[in-house]
Amino acid sequence: MPHFKLVSFERCPYVQRSVTLLREKGVPFDIEYIDLSNKPDWFLALSPLGKVPVLVVDDETVLFESAVINEYLDAVTEGRMLPEDPLERARGRAWIELSSTFFIDVWKMQIAADAESLSEAFAGARERLTKLEEALPEDGPYFYGAELSLVDAATAPGLQRLAWMDALDPSLDAYEGLPRVKRWSDALLARESVKGSLREGTYERFLDWLDARESWVSRARRAA
Ligand SMILES: N[C@@H](CCC(=O)N[C@@H](CS)C(=O)NCC(=O)O)C(=O)O
């Protein structure tokens, strides 16, 4: 088994995709956290886009882009988390791409400075969730049914942040009319691999960060 090292930023949902996968498969790895507001030179030299995650394989080869990293990790570790059938695989990849757009929606919800921006960002998230509701199987709870897949690992961090936002502002009622998405989210957020994909204290520091940004959801929470 090669040696894996992830370069991360503690609140980054894209890195969580890979941490979830590695934890799910019980594969050892190292992780180094950096400050994205003060990127170290060694990181800028490694990362072609200046973004995390970066996966360093055997101290030698650098991979970037979380979906690509996860496909590689899945291929070189035991068990397959995408179906063999090319059409089903491609369908999974397409929904992983959609989940990246969903991450941006939820990010915009977090940084919204007023009620209008929050509601605009939330409308985008709901659009994505409505499409996911239609794509999820009847028997669930995961994207392909009973087994966890790369689509699930890729979407979980976005669903986790949506759950945070929904708890901070219950008036959002984020899952209204979306029973499959709710079941999916509950199943994912209960998994050890997903729970352990953030280091301890990240949620508390996330709340501090929202406060410092004076985001709308944070102001609403303090006013309540
Ligand atoms: N498409 C990339 C997105 C990664 C990404 O946007 N990472 C953010 C942190 S969550 C980042 O490194 N941003 C640094 C910057 O934009 O300067 C992936 O899937 O890996």
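Preceding block: the structure.
The rules we used
Residues numbered from 1 in each chain as written. Predicted model: local features only at pLDDT ≥ 70, side-chain atom pairs only at ≥ 80, totals over all residues. Heavy atoms only, no water. Phe/Tyr/Trp six-rings, centres within 6.5 Å; stacked < 30°, edge-to-face > 60°. Helix = DSSP H or I, 4+ residues; strand = E, 2+ residues; numbered from the N terminus. Lys NZ or Arg CZ within 6 Å of the ring centre and 35° of its normal. Core = buried A, V, L, I, M, F, W, Y, C linked by side-chain atoms within 4.5 Å. Buried < 20%, exposed > 50% of the residue type's maximum accessible area, 1.4 Å probe, protein only. Contact = heavy atoms within 4.5 Å. Axes fitted to C-alpha atoms, helices over the stretch in contact; angles between N-to-C directions. Parallel < 35°, antiparallel > 145°, perpendicular 65-115°, else oblique. Nonpolar A, V, L, I, M, F, W, Y, C, P; charged D, E, K, R; others polar. Near = heavy atom within 4 Å. Polar contact = N/O pair within 3.5 Å; in protein donor to acceptor, adjacent residues only side chain to side chain. Areas by Shrake-Rupley, 256 points an atom, 1.4 Å probe, with all protein chains shown as cover. Expected span 1.5 Å × (residues − 1).

**Student:** Let's hear about the packing of aromatic side chains: which residues, and what values?
**Tutor:** One pass over the full model with this rule turns up 10 aromatic pairs. Look at F4 and Y72: their rings are 6.2 Å apart centre to centre, the planes differ by 85 degrees, and that puts the pair in the edge-to-face class. Residue F4 is located in strand β1 (residues 4-8), and its partner Y72 is located in helix α3 (residues 66-76); the two are separated by 68 residues in the primary sequence. Linked through ring pairs, W107, W164, Y203, F206 and W209 together constitute an aromatic cluster. Sitting above the plane of the Y175 ring, K182 keeps its charged end 5.3 Å from the centroid. It is R199 that lies over the ring of Y33; its NZ or CZ is 3.8 Å from the centre.

**Student:** I'd love a proper account of the nonpolar core, names of residues and values included.
**Tutor:** Among soluble globular proteins, nonpolar side chains are generally buried collectively. Membership of the largest hydrophobic core comes to 63 residues, with the highest contact counts inside it found for V52, M109, L129, V181 and W184. Counting residues per element, this core draws most heavily on helix α6 (residues 150-168), at nine residues. Excluding residues within four positions of it along the chain, V181 makes contact with L129, L132, E133, L136, L159 and Y175.

**Student:** Describe unusual backbone geometry, with residues and values.
**Tutor:** Residue P53 is reached from V52 by a cis peptide bond, and omega for that bond is 5 degrees. As for its position among the elements, P53 is in the loop between α2 (41-46) and β3 (54-57). With an omega of 0 degrees, the peptide bond between G140 and P141 qualifies as cis. In this fold, P141 is placed in the loop between α5 (115-135) and α6. Positive phi values are uncommon outside glycine, yet D173 reaches one of about 50 degrees. Within the secondary structure layout, D173 lies in the loop between α6 and α7 (179-189). Judged by its relative accessible area of 44%, D173 falls in the partly exposed class. Here E214, not a glycine, exhibits a phi torsion of approximately 55 degrees, which is positive.

**Student:** Can you explain the packing of helix α1 (residues 13-25) against α3? Please cite residues and give values.
**Tutor:** In contact at an axis separation of 9 Å, α1 and α3 are set at 10 degrees when each is read in the N-to-C sense. On the basis of the axis angle, α1 is roughly parallel to α3. Contacts from Y14, R17, S18, L21, L22 and K25 in α1 reach S66, A67, I69, N70, L73 and D74 in α3. A per-class count over the contact of α1 with α3 returns six nonpolar, three polar and three charged.

**Student:** Mind laying out the site of the ligand, listing which residues take part and the relevant values?
**Tutor:** Residues in close proximity to the ligand include C12, P13, Y14, L36, K39, G50, K51, V52, P53, E65 and S66, which together make up its full environment. Between an oxygen atom of the ligand and a side-chain N or O atom of K39, the distance comes to 2.5 Å. Here the ligand has 520 Å² of accessible area as a free molecule, and 73% of this is covered by the chains. The residue inventory of the shell around the ligand, partitioned by class, reads six nonpolar, two polar and three charged.

**Student:** Explain the side chain of D105 to me, and be specific about the residues and the numbers.
**Tutor:** On the secondary structure map, D105 appears in helix α4 (residues 86-111). In this structure, D105 is in contact with A121, G124, A125 and R128, ignoring residues within four places of it in sequence.

**Student:** Which residues make up α1, and what values do they have?
**Tutor:** For α1, with 13 residues, the first-to-last C-alpha span of 19 Å sits near the 18 Å given by 1.5 Å per residue. Extensive coverage of α1 is indicated by the burial of 10 of its 13 residues. Looking at α1, one finds that the buried residues are P13, V15, Q16, R17, S18, V19, T20, L21, L22 and K25. Against β1, β2 (30-33), α3, α4, α6 and α8 (192-195) lie the buried residues of α1. Immediately beyond the C-terminal end of α1, within one or two residues, lies G26, with a positive phi of roughly 65 degrees.

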